[in-house]
Amino acid sequence: MMKLLHLFITSSKPVVEILLITTVGFYMALDGVNLLGQDARKFLNNIVFYVFSPSLIGSRLANSVTYESLMQMWFMPVNVLLTFIIGSFLGWIVILITKPPSHLRGLIVGCCAAGNLGNMPLIIVPAVCKEKGGPFGDPENCQKYGVGYVALSMAMGSIYIWTYVYNLMRVLTNSPIETQPSIESSCKVPLISSKEEEDNQKVGRWDKVKRRMVSLSGKVNLRTIFAPSTIAAMIALVVGLITPIRKLIIGNGAPLGVLQDSVTLVGDGAIPAMTLIIGGNLLKGMRSSGMKKSSIVGVLVARYIFLPISGVLIVRGAYKFDLITSEPLYQFVLLLQYAVPPAMNLGTITQLFGAGESECSVILLWTYALASVSLTVWPTFFMWLVA
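Residues numbered from 1 in each chain as written. Predicted model: local features only at pLDDT ≥ 70, side-chain atom pairs only at ≥ 80, totals over all residues. Heavy atoms only, no water.

Our next topic: the overall build of the protein chain. Looking only at helices and strands, the protein chain features 18 helices and zero strands. Of all intrachain contacts in the protein chain linking residues separated by at least 6 positions in sequence, the fraction that spans at least 24 positions is 86%. Surface accessibility of the protein chain: about 19400 Å² in total, with carbon and sulfur atoms responsible for 67%. (Helix = DSSP H or I, 4+ residues; strand = E, 2+ residues; numbered from the N terminus. Contact = heavy atoms within 4.5 Å. Areas by Shrake-Rupley, 256 points an atom, 1.4 Å probe, with all protein chains shown as cover.)

What follows concerns the side chain of N79. Summarising the element assignment, N79 is placed in helix α4 (residues 75-98). Taking relative accessible area as the criterion, N79 reaches 0% and is therefore assigned buried. The residues contacting N79, other than those within four sequence positions of it, are I314, V315, L334, Q337 and Y338. (Buried < 20%, exposed > 50% of the residue type's maximum accessible area, 1.4 Å probe, protein only.)

What follows is about the layout of surface pockets. By rolling a water-sized probe across the atoms, one finds the places where empty space is left. In this structure, the second largest pocket encloses a volume near 290 Å³. Together, 14 residues line the second largest pocket, and S64, S69, K144, Y145 and G148 are the ones closest to its centre. Those elements that provide at least two residues to the lining of the second largest pocket are α2 (38-64), α3 (67-72) and α7 (139-174). Sorting elements by how many residues they give to the lining of the second largest pocket places α7 first, with five residues. Its residues assigned to classes, the lining of the second largest pocket shows four nonpolar, six polar and four charged. (1 Å grid on protein atoms, 1.4 Å probe; cavity = no way out; pocket = protein on both sides within 12 Å on 5 of 7 lines; lining within 4 Å. Points joined across faces, edges and corners; volume = space filled by probe spheres on them. Nonpolar A, V, L, I, M, F, W, Y, C, P; charged D, E, K, R; others polar.)

A separate point is a nonpolar patch on the surface. A cluster of nonpolar residues, F89, W92, I93, L96 and I97, forms a patch on the protein surface that exposes about 530 Å² of accessible area. Relative to the assigned elements, F89 resides in helix α4. Taking relative accessible area as the criterion, F89 reaches 55% and is therefore assigned exposed. (Patch = residues over 30% accessible without salt bridge, like charges linked within 9 Å, V, L, I, M, F, W, Y side chains within 5 Å. Salt bridge = Lys/Arg side-chain N within 4 Å of Asp/Glu carboxyl O.)

Before going further, it helps to examine the side chain of S295. If you trace the backbone, S295 turns up in helix α14 (residues 293-320). Judged by its relative accessible area of 0%, S295 is buried. Other than its neighbours up to four places away in sequence, S295 contacts V94, T98, P100 and I108.

The next subject is the environment of V109. Structurally, the position occupied by V109 is in helix α5 (residues 105-113). Distance in space between the C-alpha atoms of V109 and V94 is 8.2 Å, their sequence separation being 15 residues. With sequence-adjacent residues up to four places away left out, V109 is seen in contact with G87, S88, G91, W92, I95, L168 and L172.

What follows concerns the packing of aromatic side chains. Taken as a whole and assessed by the stated rule, the structure comprises eleven aromatic pairs. Each ring, one from F84 and one from Y160, has its centre 5.7 Å from the other, and the planes form 65°; the classification is edge-to-face. With F84 in helix α4 and Y160 in helix α7, this residue pair connects regions lying 76 residues apart in the sequence. Y160 matches F84 in its accessibility class, with the two residues each being buried. Of the aromatic side chains, those joined through ring pairs into one cluster are F49, Y50, W162, Y166 and F353. (Phe/Tyr/Trp six-rings, centres within 6.5 Å; stacked < 30°, edge-to-face > 60°.)

A word on α2. Over its 27 residues, α2 extends 37 Å from the first C-alpha to the last, a length consistent with the 39 Å expected when each residue adds 1.5 Å. In the structure, α2 departs most strongly from a straight axis at V48, where the bend amounts to approximately 45°. (Expected span 1.5 Å × (residues − 1). Bend = angle between axes of the 7 residues up to and from the residue.)

A separate point is unusual backbone geometry. Only a minority of non-glycine residues have a phi that is not negative, and only a minority of peptide bonds are not trans. Although it is not a glycine, N34 adopts a positive phi angle of roughly 55°. Take N34: it is sitting in the loop between α1 (2-28) and α2. Assessed through its relative accessible area of 51%, N34 is described here as exposed. The phi dihedral of K99 is positive, around 50°, even though this residue is not glycine. Position of K99 relative to the elements: it lies in the loop between α4 and α5. Judged by relative accessible area, K99 falls into the exposed class, the value being 60%.

Written as C-alpha cells, this is what we have:
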C-alpha cells in the first residue's frame, strides 16, 4: 500500500507541475493582465519551435546516446513509431464514433497518436529507480541507463511528431468536407449503355485515385520533415555516435563542453514555455470551444485504456520472439511509452496552424488532470509485469 501511495505521489509530481504552470499561463492571458495575449503567444510559440525544442532534443540525445547503446536499443524507435500508428488508428475510430467538426479531426488524431515522451518519463523513470527494493537493481545504474532510454525515446518522439503527426494533422485539418450528391443529379436518366457506363466508372475511379494522391502530396509539407527539432536530433546523433566529436563536446573535461552546457541551458526553457502557451490558449477554450464532450472522452479512453493494452501485447510479444532483451528497465520504458498523456508539442502545432488552439488546450487540460491516475495504475502494473 505504501509503495502504491509513493508511486502515486511520484507520478503526480510532473502532472501537478504542468497544471501549475498552465495556471500561470492562464492568468497571464487574462484581459486585465494581457502579458500573454494572442500575438505574444504566437511569438513565443515561434521561439519554442525554432530555438527551445531543438535545444532540448539536441542536448538530451547527444549526452546519452552512443553506438553501443543505440545497437542495444534498436527496437525503441520501432516501438515509438508503433505508438503513433496505433494511436492514429484509435483516433480515427474516435472521429468515426463522435463525428467532430472537420477542422478538429486532425487535432483528435494527433492527441491520440502523439504521447508525451519527454518530461513525463524523464521524471517518472528516475523516481522509480530510487525505489528501494525495486525490480530495476542498483539505483545509480538504473538512473544512468534509464535517462539514456528516455532521451532516445524523447528524440524519436520529436522526429515522428514533426514528420508524421504534423503532416497528418495538416492533411486532416485542411481536407474538404465531402458533399452529398444532389437530388437532381441522382434522378438523371442514363444516356449511355450500362457497359459504357461501367468502363467510364473504371476510368473515373482511376482518375479519382490519381487526383487524391496528387492532392495528398500537395498537402504534405515536406519542409517539416527537416523541422528544427529533426535537424537537432540528426546533429545530436552525429555528435553522440562519432567518438572524436563526442570527446570534444560531451563530458566534464571536454574542450568545447561549454557548447553542450549552453544548448542544455536554452533547452531547459522548452517545457515551461510550451506549458505557458497552453495555459494562455485555455482561456480562449473556456470562453468558446467547439470540442464535444464525447470527443474528449474518446481521446481519454483511447490514450489511457486501449493504447496501454496494445503496448502490453506488443512489448511482451517482442520479448517472446527475442526482439528485445530481458532487462526489466528497458521493457518498463517501452511499456511506459504507451501510457503517457498527449504531447505538449500539439499545442505548438495547433498554434502554427492557427486553428484548434483552444480546443487543444481543453483536451490537454482533461488528459493531464487524469494523468496522475493513469500514470499510477499502469506503471504499477508494468513493474509487476517486468519484475
